[in-house]
Amino acid sequence: MSDNNEKKVHGIVAEYESVDSLLNACRRVRDAGYKKTDAYTPFPVHGIDKALGIKPTVLPWIVLGCGLTGTVTALVMQIWMNSIDYPYIISGKPYISLPAFIPVAFELTVLFSSFGAFFGMWALNGLPRFSNPLFTDPRFDRVTDDRFFLYVDASDESYDEKAVREIYEQTGGEHINSVLDDDSSDKIPKPIFMAWGLVIAASVIPLLIVLKMRVTNSDQPRFHIFYDMDFSPAKDAQQGSTLFADGRAMRPDVPGTVARGDSNYDMNFMTGVDMDKLSAIDAPRAERLVRLSNGPIGPQDQDSTPAAEEGEQAANDSDSASGEAAKDTTPWLTSNPLGNSKEVLLQGEKYFGIYCSVCHGMNGGGNGLVNRRAQKILSPTWIPPSSLHQESLYSDQYPDGKLFSTISNGIRKMPGYAAQIKAEDRWAIVAYVRALQLSRNASIDLIPQSQRAEILEMQEAVQQKLLEEAEAEQQTQEAAAQE
Amino acid sequence: MSLAIPNGLDNSVEQPGQRAPLVLGDTTYHDITESVCQVAERKPSTSWVIGFLVSFALLQWLTVCILYLIYTGVGVWGNRAPIFWGWPIVNFVFWVGIGHAGTLISAILFLFRQEWRTSINRAAEAMTIFAVACAGTFPGIHVGRAWLAYWLAPYPSLNLWMWPQFRSPLLWDVFAVSTYGTVSLLFWYMGMVPDLATFRDRSKNKFRRMAYGILSLGWSGSSRHWMRYEKAYALLAAFAAPLVLSVHTIVSFDFAVSQVPGWHTTIFPPYFVAGAIFSGFAMVLTLMIPARKMLGLEKLITIRHLDNMCKIILATGSIVGLAYGTEFFIAWYGQVQEEKFAFLNRAFGPYWWAYWTMISCNVISPQLFWIKKFRTTPWIIVIISIFVNIGMWFERFVIVITSLSRDYLPSAWAYFSPTWVDWSMLIGSFGLFFTLFLLFCRLMPVINMAETKSTLAKQYHMSHSDEH
């Protein structure tokens, strides 16, 4: 012990074999009035804080603070990022949609509280601490195995080495030793220190390079790590390709493809207008019609819906036609380019049935299914489809070309059908509409002699039926009025 | 100090009026230290070396595949329209699920004062962290441009000029899984510090002493430290418990919040959580039973521990079975045509084999644990646990693949076929997992010595108070 004499004595420690004897000794030391004491055990011993007089820790409050910080951070972050700085509208929810922010808020609350509990505990414990005078005692290694130690610090007010030793001896303490200063260096060994420094320095280098690249300009071409992501390996039209059997990169057209502006029809057929005449009197409109028949592609057409516009024009024309003022000057085609053979009429009947009858009715009277339904539900915005049997729609006032244009482009409330119905079929419908109109005005002389009797019979039956229907209706109306 | 164990090594028999001992044999504190430390101190056994080499080789193969994927693009996977999630997400959910048992054992069983957790929690926590590491790999590479994965973080970007979208479950997922990984790591490490100090104090060579010295942060076993430590541990447990439940809930939101038939159901969160615990416990058992044999830890990880875990598997397995049934019922009861189709398609469509594998592994096999003989025979437990693991992988396969392969647009339907990269990555992820786990077995205290000792102290105390 001679060479230890000059060293500072930190305190005095004793070893115990069991929890019970340690607890007993703790109580004795506490009762003797020592405050700067501590017990060291391989596992948490319950009741020792009381036996030694240790006060409860403030850790839970620290953790509460951290947890609340986490909640607030998460909410502020989400609201700032998604509702204020860069407002996103997601599935029509309000900008500050709290329910959607709860999961992240919960996670950050837990994360921050856990950091608080973890780091707070180590900080309160004064750890990490790599040099501890107690560790100089070779027996102290067993504190993490199966031995229990009691320690009284020399700086305690009522410290008295002899008295402490006495308590230790009486309570069964063994190997009672003074704890001396640790004369081994607590500095980190040089090689480790240097290696550590090197690692830190090395880890900064890539970040610095990135930073430099970010803030400076360079005249060198960019470095491409993933070349094919920066430059797509797409082929040019005339290049070869191994992907296809014919070895060409460019694919042939799908059968039936028609190039823009390359349709086989003449423009009169596609527009219903005599284009030569139109170019003579209104060249810009003629040009527009040609362009429209090619589809709306030019920058000139981008802001308007061209088909609707053409419909509008036709509407204006017909308005002015019905009014006294300006006459419809458009040189409409006056005859159907398909003629009116039986095939054309049958085709027209078919397509009229498919596309027009829902609104205009099978007979063109204007009372199709859609109209009946709209009347029934009293739709306030409903405009009934016109009857096609008005005189103003007859061919002398409403040329075939114009009817064709109405079908193609629509008119006022009626939508255009150019997109659904091919031009031939539209012309066929025109022919059929004419036939329908004729059916209400034809004289019996147009019917072959052999069929006249049959027709007249039918006419009588129809008239009878119409009369009956009118009577029935009147009766129901009267009944309703009486009520 | 000696303990009389009335039933020999079998402590799974209930003794009326007496708690069954959790540490067996004539054990002293020092014996516990010895038996745990010898695992790390003696030379590695041949089986460990072989196991490690195999796992490490698989890990390298995974690395190669990941590099190949990043260099070539995600087309190397079998992910094709409309099945864009494919195996990477199946594997992700599988591993996250496995990662649930550890924290559950540590936190929830701790809060419920289930002392039997003490000798298994350490390894289970380690398993959690390694499983989360495996899980994290998959979405990381599934984003396609893996080097831009940091875009998920809410940082002020100089070239995006925008923030992440916080109303998306995929982003919640990022926060949930990373919080879970971090908190589990803290929990695990904190629990290990006193035991690392034991390693430090037993180390014979200087290097070991220094390494464990740094890791144990100068732990001295002071009562003041223990008091704060226990407080912090209880607090962490209290946070980790709801956290565990939240993580798989949020993972299930990835599916449930979408519109895909078969995913868009409110039952997903509880059903996923039960499945996660189920698969996690199965994985713990699969690992623990061979480990306890090889490492000679039968006195600390006793039959009673295995028995208890089997009961949890039985309970969660039944919940999972009930959930499968409920899903079907609701698909019929809800009368949504697509939902009905989705479930019939699962069971009788082109993936029927996956569905019925899942049902037989997850619903039928755990029911065997009603029989006590099965719960207490280690090799039977291992076999059933492996079946459960297979079943749970297939569950995720069924959910991800069948729903995506046939959704609303029949013209886009397709059949998923994995590529060799898919297979390699699934197997490689096991390489990653086992490499980490085997290293852990060698380098870290596999059993929580401090806590086991305090269990022993209580046991000792009890048996003595009985005598009076």
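Owing to the predicted nature of the structure, the values given are computational and were not obtained by experimental measurement.

Novice: So what exactly am I meant to see when it comes to the overall build of chain B here?
Specialist: Scanning chain B for helices and strands turns up 16 helices and zero strands. For 468 residues, the compact-globule formula gives about 23 Å, and the C-alpha radius of gyration of chain B, at 23 Å, lands near that figure. By its C-alpha atoms, chain B is 80 × 55 × 40 Å across when sized along the principal axes. With 468 residues in all, chain B has 59% of them scored as buried. Residue pairs at least 24 apart in sequence account for 81% of intrachain contacts in chain B once pairs closer than 6 positions are excluded.

Novice: Whenever I open this one, the overall build of chain A confuses me. Can you help?
Specialist: Looking only at helices and strands, chain A has 16 helices and six strands in total. Taken across its 483 residues, chain A has 34% of its residues classed as buried. Accessible surface for chain A amounts to roughly 31,000 Å². Of this, 58% is attributable to carbon and sulfur atoms.

Novice: Even after reading the chapter, I still don't get the pairing of strand β1 (residues 9–16) of chain A, so can you show me in this structure?
Specialist: All names here are of chain A. Summarising burial for β1: seven of the eight residues are buried, a large majority. Taken together, the five bridges between β1 and strand β4 (residues 174–180) define a ladder with antiparallel strand orientation. Residue pairing in the sheet places I12 in a bridge with S178 of β4. Pairing analysis gives six bridges linking β1 to strand β3 (residues 148–153), with the strands arranged antiparallel. In the sheet register, V13 faces β3, and the bridge partner there is Y151.

Novice: I keep staring at the pattern of salt bridges and nothing clicks. Help me out?
Specialist: Two side chains bearing opposite charge may form a pair once their charged atoms approach each other closely. One pass over the full model with this rule turns up 16 salt bridges over all chains. With a shortest N-O distance of 3.9 Å, R147(A) and D146(A) are connected by a salt bridge. With relative accessibility at 9%, the residue D146(A) sits in the buried group. Here D307(B) ties to K311(B) by a salt bridge, and the two come within 3.8 Å at their closest N and O atoms. Of this pair, D307(B) and K311(B) are both found in helix α10 (residues 303–333), four residues apart, which corresponds to roughly one turn of the helix. Given the relative accessible area of 3%, D307(B) is considered buried. Overall, the relative accessible area of 36% leaves K311(B) in the partly exposed class. Each of E15(A), R139(A), R142(A), D146(A) and R147(A) takes part in salt bridges that share partners, so that together they form one network.

Novice: Before we go on, may I ask you to explain the domain arrangement of chain A in this structure?
Specialist: Where the parts come together, the accessible area they lose is often given as the size of the interface. Each assigned domain of chain A is listed with its residue range as follows: domain 1 (1–207), domain 2 (267–442) and domain 3 (446–482). Measuring from the centre of the C-alpha atoms in domain 1 of chain A to the corresponding centre in domain 3 of chain A gives 106 Å.

Novice: Teacher, can you tell me more about the sheet that holds β1(A) here?
Specialist: Hydrogen bonding along the main chain pairs the strands of a sheet, whether they run parallel or antiparallel. Residues and elements named next belong to chain A. Here four strands make up an open sheet; going across it, the order is β2-β3-β1-β4 and the pairing antiparallel. Across the chains shown, the open sheet's two edge strands, defined by having one partner strand only, are β2 (37–40) and β4. Neighbour to neighbour, the strand axes of the sheet diverge by 20 degrees on average, direction disregarded. Across four bridges, β2 lies against β3 in antiparallel orientation. Bridge pairing links D38 to Y151 in β3. The sheet strands contacting helix α1 (residues 19–31) are β1, β2 and β3, and the helix crosses β3 at an angle near 15 degrees.

Novice: Before we go on, may I ask you to explain the environment of D407(B) in this structure?
Specialist: Residue and element names in this part refer to chain B. Mapped onto the secondary structure, D407 falls in the loop between α14 (378–405) and α15 (420–443). Residue classification places D407 among the partly exposed residues on the basis of a relative accessible area of 24%. Leave out the neighbours within four places in its chain, and D407 touches V260, P261 and W413.

Novice: Help me understand the interface of chain A and chain B in this model?
Specialist: Between chain A and chain B, the contact holds 71 residues from the first and 62 residues from the second. The contact between chain A and chain B buries some 6,000 Å² in all, and 68% of this surface belongs to carbon and sulfur atoms. Between the two partners, chain A and chain B, sit 26 residue pairs in polar contact (both at pLDDT 80 or more). When contributions to the side of chain A that touches chain B are tallied by element, the ones reaching two or more residues are β2, α2 (48–52), α3 (59–85), α4 (98–125) and α6 (190–215) of chain A. If you tally residues by element for the side of chain A that touches chain B, the top one is α4(A), at 18 residues. Taken together, the residues that form the side of chain A that touches chain B break down as 47 nonpolar, 13 polar and 11 charged.

Novice: Got a minute to help me understand unusual backbone geometry in this structure?
Specialist: Most of the time, phi is negative for any residue but glycine, and the peptide bond is trans. That bond from L127(A) to P128(A) is cis: its omega, 0 degrees, falls within 30 degrees of zero. Tracing the sequence through the fold places P128(A) in the loop between α4 and β3. The linkage connecting A81(B) with the following residue, P82(B), adopts the cis geometry, with an omega of 0 degrees. Structurally, the position occupied by P82(B) is in the loop between α2 (46–72) and α3 (86–98). Positive phi, normally seen in glycine, also occurs at R412(A), with a value near 40 degrees. Mapped onto the elements of the fold, R412(A) is located in the loop between β5 (410–411) and β6 (414–415). Taking relative accessible area as the criterion, R412(A) reaches 58% and is therefore assigned exposed.

Novice: Teacher, can you tell me more about the packing of helix α9 (residues 268–294) of chain B against α10(B) here?
Specialist: Describing two packed helices takes the angle between their axes plus the distance from one axis to the other. Residues and elements named next belong to chain B. It is at 9 Å that the axes of α9 and α10 come closest, and there the two elements cross at 150 degrees. What the angle tells us is that α9 and α10 run roughly antiparallel. As for how α9 packs across α10, the hand of that crossing is left-handed. Considering only residue class, the contact of α9 with α10 consists of 20 nonpolar, three polar and two charged.

Novice: Whenever I open this one, the nonpolar core confuses me. Can you help?
Specialist: Inside soluble globular proteins, nonpolar side chains tend to come together where they are buried. Ranked by internal contacts, the top residues of the largest apolar core, which has 194 residues, are L150(A), W95(B), M425(B) and F440(B). At 18 residues, helix α8 (residues 223–256) of chain B tops the list of elements feeding residues into this core. Excluding anything up to four places from it in sequence, L150(A) contacts I12(A), V13(A), A14(A), Y16(A), L22(A), A25(A), C26(A), V29(A), D38(A), A39(A), L52(A) and Y168(A). Y351(A), F352(A), F404(A) and I407(A) belong to the second largest nonpolar core, which has 21 residues in total.

Parameters and conventions
Residues numbered from 1 in each chain as written. Chains lettered and ligands numbered in written order. Predicted model: local features only at pLDDT ≥ 70, side-chain atom pairs only at ≥ 80, totals over all residues. Heavy atoms only, no water. Helix = DSSP H or I, 4+ residues; strand = E, 2+ residues; numbered from the N terminus. Rg over C-alpha atoms; globule rule 2.2 N^0.38 Å. Buried < 20%, exposed > 50% of the residue type's maximum accessible area, 1.4 Å probe, protein only. Contact = heavy atoms within 4.5 Å. Areas by Shrake-Rupley, 256 points an atom, 1.4 Å probe, with all protein chains shown as cover. Pairing = 2+ DSSP bridges. Salt bridge = Lys/Arg side-chain N within 4 Å of Asp/Glu carboxyl O. Domains from an automatic or database assignment. Axes fitted to C-alpha atoms, helices over the stretch in contact; angles between N-to-C directions. Buried area = accessible area lost by both parts, 1.4 Å probe. Polar contact = N/O pair within 3.5 Å; in protein donor to acceptor, adjacent residues only side chain to side chain. Nonpolar A, V, L, I, M, F, W, Y, C, P; charged D, E, K, R; others polar. Parallel < 35°, antiparallel > 145°, perpendicular 65-115°, else oblique. Left-handed = near helix turned anticlockwise from the far one by under 90°. Core = buried A, V, L, I, M, F, W, Y, C linked by side-chain atoms within 4.5 Å.

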